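Letter by letter, the chains look like this.
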Amino acid sequence: MNLPSVDEANPAGGRIQRSSSLVEDVYEAVFAQLMSLKIAPGSRITVDSLVKEFNVSHTPIREALGRLEGEGLVLKTHLIGYRAAPQITKRRFDELYELRLLLEPHGAAKAAVLMDEAKLAQLQKSAGVMARREGKDERLRYSNFARQDAIFHDKVMEFANNELVRETLAHQHTHFHIFRLMFHSRVTEEALDEHEAILAAFAAADPAAAEQAMRRHIEHSRDRLLLAFD
């Protein structure tokens, strides 16, 4: 998945430069605004206002919003229009983390057993570690990392070779909803440190270490974001 530069998608608002991937650019810009809470959970999203903000036609806006709807970040109501998905409740948050702790540590252990150089290279690329200091725009870095984190965890489940578990987690849109709870650089930096520990366990093909590192990562993620409910 190609991520835009700050010039291509400005999450703080502003015109989007026309390109051959206009829909992608619009999608990235709106995604960044949703993840950084510039577009508040539950708030209305008007197509006309985005047309003016980004200086594009209605078509790429509607296509981008349709894609975001498929990811659970945008809701469309007949005759009313679009709005940002509401923020998850504390109960839903607890349930999502309970689900993750039941499934992902075991999946990481399985993935470690089946690990090879090609799979490890894909995980290293998607973990976000190699590009952790790139970009000065914190909002864009945060939204980019939200997607990288989702891809990284999805890849681990793919390499664990259990499609049902992978589909179950993906269907919850877990990462996007959780990352919207709090926009803070600490969330990104600490998660990247934890990704490095998981990668080290995979590089060593150590299932016990991979299970432990994944469990610790998910528990720490839960504890970091619990502050959003205070």
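Above this note sits the structure.
Here is a short report on the structure shown in this document. Computed from a prediction, not measured in an experiment: that's the story for all the values here. (Residues numbered from 1 in each chain as written. Predicted model: local features only at pLDDT ≥ 70, side-chain atom pairs only at ≥ 80, totals over all residues. Heavy atoms only, no water.)

1. Side note on unusual backbone geometry
Alright, step 1. For Asn55, which is not a glycine, the phi torsion comes out positive at approximately 60°.
Alright, step 2. By the secondary structure assignment, Asn55 is in the loop between α2 (47-54) and α3 (58-70).
Alright, step 3. With a relative accessible area of 32%, Asn55 lands in the partly exposed category.
Alright, step 4. Non-glycine residue Leu79 carries a positive phi angle of around 70°. (Helix = DSSP H or I, 4+ residues; strand = E, 2+ residues; numbered from the N terminus. Buried < 20%, exposed > 50% of the residue type's maximum accessible area, 1.4 Å probe, protein only.)

2. Side note on the packing of helix α1 (residues 22-35) against α2
Alright, step 1. In the contact formed by α1 and α2, the axes pass within 12 Å of each other and the chain directions differ by 110°. Viewed along their axes, α1 and α2 adopt a mutual orientation that is roughly perpendicular. Relative to α2, the crossing made by α1 is right-handed. Of α2, the residues touching α1 (which contributes Val26, Ala29, Val30 and Gln33) are Leu50, Glu53 and Phe54.
Alright, step 2. Here the contact of α1 with α2 is composed, by residue class, of five nonpolar, one polar and one charged. (Axes fitted to C-alpha atoms, helices over the stretch in contact; angles between N-to-C directions. Parallel < 35°, antiparallel > 145°, perpendicular 65-115°, else oblique. Left-handed = near helix turned anticlockwise from the far one by under 90°. Contact = heavy atoms within 4.5 Å. Nonpolar A, V, L, I, M, F, W, Y, C, P; charged D, E, K, R; others polar.)

3. With respect to helix α5 (residues 117-126)
Since there are 3.6 residues in each turn of an α-helix, residues three or four apart along the chain are aligned in direction.
Alright, step 1. For α5, the complete set of buried residues consists of Leu120, Leu123 and Ser126. End-on, the buried residues of α5 take up no more than an arc of 130°, which puts them together on one face. For α5, exposure combined with an orientation more than 90 degrees from the buried face picks out Glu117, Ala118 and Lys125.
Alright, step 2. One or two steps after α5, the chain reaches Gly128, where phi turns positive at roughly 85°. (Arc of directions from axis to C-beta.)

Geometric values such as these leave the question of function open.
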